Amino acid sequence: MRINILIVEDERNLAEEVSSYLEHFQYQCRIAMTYADALEALSEKQYDIILLDLRLPDGHGTDLINHIKRKKFESGIIILSAIDELDMRVQALNAGADDYLVKPFHMSELNARLNALVRRNKFKGNNDIEFFEIKADTVKKIVLVNDKPLPLTQKEYELLMYFISNAGKVITKDAISFSVWSSHSDMDVSNEIIYTHIKNLRKKLLQAGCNDYIRSVYGVGYKFQA
Ligand code: CA
């Protein structure tokens, strides 16, 4: 399943930079450079995530959030705001935005926040997730394999949740490092670290009698697939 992203941003260079960066990670992006463009885009389809600049030439981002909430769209909203827009940012968060980034931001930071939001939304209203013999309570952060608790470290747990929420897709090592090691998004998490954590997770799953769902995709990353 492709994640659809609407980028509402009137700075063309920034909008295009964000778009080409995210498309590299298999996100489907559309750019709206005005409030009117954004309204039109939203009338055509639902977006999983909206990246929203607050100051638009013909309107205000917060009004767009109100519109989205009125329509009961379930899009996640990340505000892209300038440093001097603190009041607006607070207003936008109160209106129902999920997160914000202060410009200028690193693309890796955007990707990390985005992944976190996609994961939260995907599991929203459903604290229990299931993947064949694997069950997880995402509130208590407990994983069961064949109904027996499987003790995992925090990183192993996050990896497993990331794998399950992206099941069937090829996941690059970059995407894993950005999403699971998001607090260190500006540092490069070495492939060695990722490899070690995945190896340990896989071993624990197999020892618990779980099928082997983690596949290496040579030169690219991994795929979690039944
Ligand atoms: Ca602007």
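Per chain, residues are indexed from 1 in the order of the written sequence. Reporting of local features is limited, given that this is a predicted model, to residues whose pLDDT is at least 70; pairs of side-chain atoms are given and counted only at 80 or more, and all residues count toward the totals for whole chains, interfaces and linings. As a rule here, side-chain values come from all non-hydrogen atoms in the structure, and water together with hydrogens is ignored.

## Describing the overall build of the protein
Part 1 of the argument: A count of helical and extended segments in the protein gives eight helices and 14 strands.
Part 2 of the argument: When we talk radius of gyration, it's over C-alpha atoms, and the globule rule is simply 2.2 Å times the number of residues to the 0.38. In terms of overall dimensions, the protein is globule-like: its C-alpha atoms have a radius of gyration of 19 Å, near the 17 Å expected for 226 residues.
Part 3 of the argument: The principal-axis extent of the C-alpha atoms belonging to the protein is close to 60 × 35 × 30 Å.
Part 4 of the argument: A total of 226 residues make up the protein; the buried ones form 47% of that total.
Part 5 of the argument: Any two residues whose heavy atoms approach within 4.5 Å are treated as being in contact. Nonlocal contacts in the protein, meaning residues at least 24 apart in sequence, comprise 60% of its contacts between residues at least 6 apart.
Part 6 of the argument: Surface summary for the protein: the accessible area is close to 11,700 Å², and the carbon and sulfur share equals 49%. Secondary structure elements are defined from DSSP: runs of H or I of at least 4 residues count as helices, runs of E of at least 2 residues count as strands, and each element is numbered from the N terminus. For the exposure calls, accessible area comes from a 1.4 Å probe over protein chains only, and a residue counts as buried if that area is under 20% of its type's maximum, exposed if over 50%, partly exposed in between. Computed with the Shrake-Rupley method and a 1.4 Å probe, the accessible areas treat only the protein chains shown as cover for residues.

## Side note on the sheet that holds strand 9 (residues 134–137)
Part 1 of the argument: Strand order in the open sheet formed by four strands is 8-9-10-11, and the pairing between neighbours is antiparallel. Two strands bound the open sheet, and with one partner strand each, they are strand 8 (128–131) and strand 11 (148–149).
Part 2 of the argument: In this structure, strand 9 lies alongside strand 10 (residues 142–145), joined through four bridges in antiparallel fashion. In the strand pairing of strand 10, aspartate 137 is matched with isoleucine 142. Each pair of strands is called paired provided DSSP finds at least two bridges between the two strands.

## So, the coordination of the calcium ion
Part 1 of the argument: Those donors, Asp10 (OD), Asp53 (OD) and Arg55 (O), are the protein atoms that reach the calcium ion, and they lie 2.2 to 2.4 Å from it.
Part 2 of the argument: Sequence positions of the residues that donate to the calcium ion give the spacing D-x42-D-x1-R.
Part 3 of the argument: For arginine 55, a relative accessible area of 44% puts it in the partly exposed group. Metal donors were taken as nitrogen, oxygen and sulfur atoms no farther than 2.8 Å from the ion, or 3.2 Å where the ion is Na, K or Ca. Water is excluded, so coordination may look unfinished.

## Focus on the pairing of strand 14 (residues 221–224)
If a strand is regular, its side chains alternate between the two faces of the sheet.
Part 1 of the argument: Summarising the sheet, strand 12 (residues 170–172) and strand 14 pair through three bridges and their orientation is antiparallel. Bridge assignment links isoleucine 171 to a residue of strand 14, and that residue is tyrosine 222.
Part 2 of the argument: In this sheet, strand 14 lies alongside strand 13 (residues 214–217) in antiparallel orientation, the contact comprising four bridges. Looking at strand 14, one finds that arginine 215 is bridged to lysine 223.

## Points about the side chain of lysine 103
Part 1 of the argument: Relative to the assigned elements, lysine 103 resides in the loop between strand 7 (99–102) and helix 5 (107–122).
Part 2 of the argument: Lysine 103 sits in the buried class, given a relative accessible area of 15%.
Part 3 of the argument: Throughout this description, a polar contact denotes any pair of N or O atoms lying within 3.5 Å of each other; where both atoms belong to protein, one of them has to be capable of donating a hydrogen while the other can accept it, and for residues adjacent in sequence the pair is counted only when both atoms sit in side chains. Only 3.0 Å separates the side chain of lysine 103 from the side chain of glutamate 9, close enough to count as a polar contact.
Part 4 of the argument: Looking at lysine 103, its side chain comes within polar contact range of the side chain of aspartate 53, at 3.1 Å.

## Section: the pattern of salt bridges
Part 1 of the argument: We define a salt bridge as a contact between a side-chain nitrogen of Lys or Arg and a carboxyl oxygen of Asp or Glu at a distance within 4 Å. Applying the stated criterion across every chain, the model contains 12 salt bridges.
Part 2 of the argument: Between glutamate 44 and arginine 30 there is a salt bridge whose closest N-O contact spans 2.7 Å. One end of the pair, glutamate 44, is in helix 2 (residues 35–44); the other, arginine 30, is in strand 2 (residues 28–32), and 14 residues separate them in sequence.
Part 3 of the argument: Exposure remark for arginine 30: the relative accessible area of 29% places this residue in the partly exposed category.
Part 4 of the argument: For glutamate 85, the salt bridge is made with arginine 55, and the minimal N-O distance between the two is 2.9 Å. Here the residue glutamate 85 occupies a position in the loop between strand 6 (76–81) and helix 4 (86–95), and arginine 55 occupies one in strand 4 (residues 55–56), the gap between them amounting to 30 residues.
Part 5 of the argument: When its relative accessible area of 5% is taken as the criterion, glutamate 85 is described as buried.

## Section: the packing of aromatic side chains
Part 1 of the argument: Stacked, edge-to-face and tilted labels apply to pairs of Phe, Tyr and Trp rings (six-membered ring for Trp) whose centres lie within 6.5 Å, assigned for plane angles under 30 degrees, over 60, and everything in between, in that order. Taken as a whole and assessed by the stated rule, the structure comprises eight aromatic pairs.
Part 2 of the argument: An angle of 80° between the planes, with centres 5.1 Å apart, marks the rings of phenylalanine 131 and phenylalanine 132 as edge-to-face.
Part 3 of the argument: With 5.5 Å between their ring centres and 15° between their planes, phenylalanine 163 and phenylalanine 224 make a pair best called stacked. Of the two residues, phenylalanine 163 sits in helix 6 (residues 154–165) while phenylalanine 224 sits in strand 14, which places them 61 residues apart along the sequence. Phenylalanine 224 matches phenylalanine 163 in its accessibility class, with the two residues each being buried.
Part 4 of the argument: A network of ring pairs unites the aromatic residues Phe131, Phe132, Phe163, Tyr213, Tyr222 and Phe224 as a single cluster.

These values are about where atoms sit, not about what they do.
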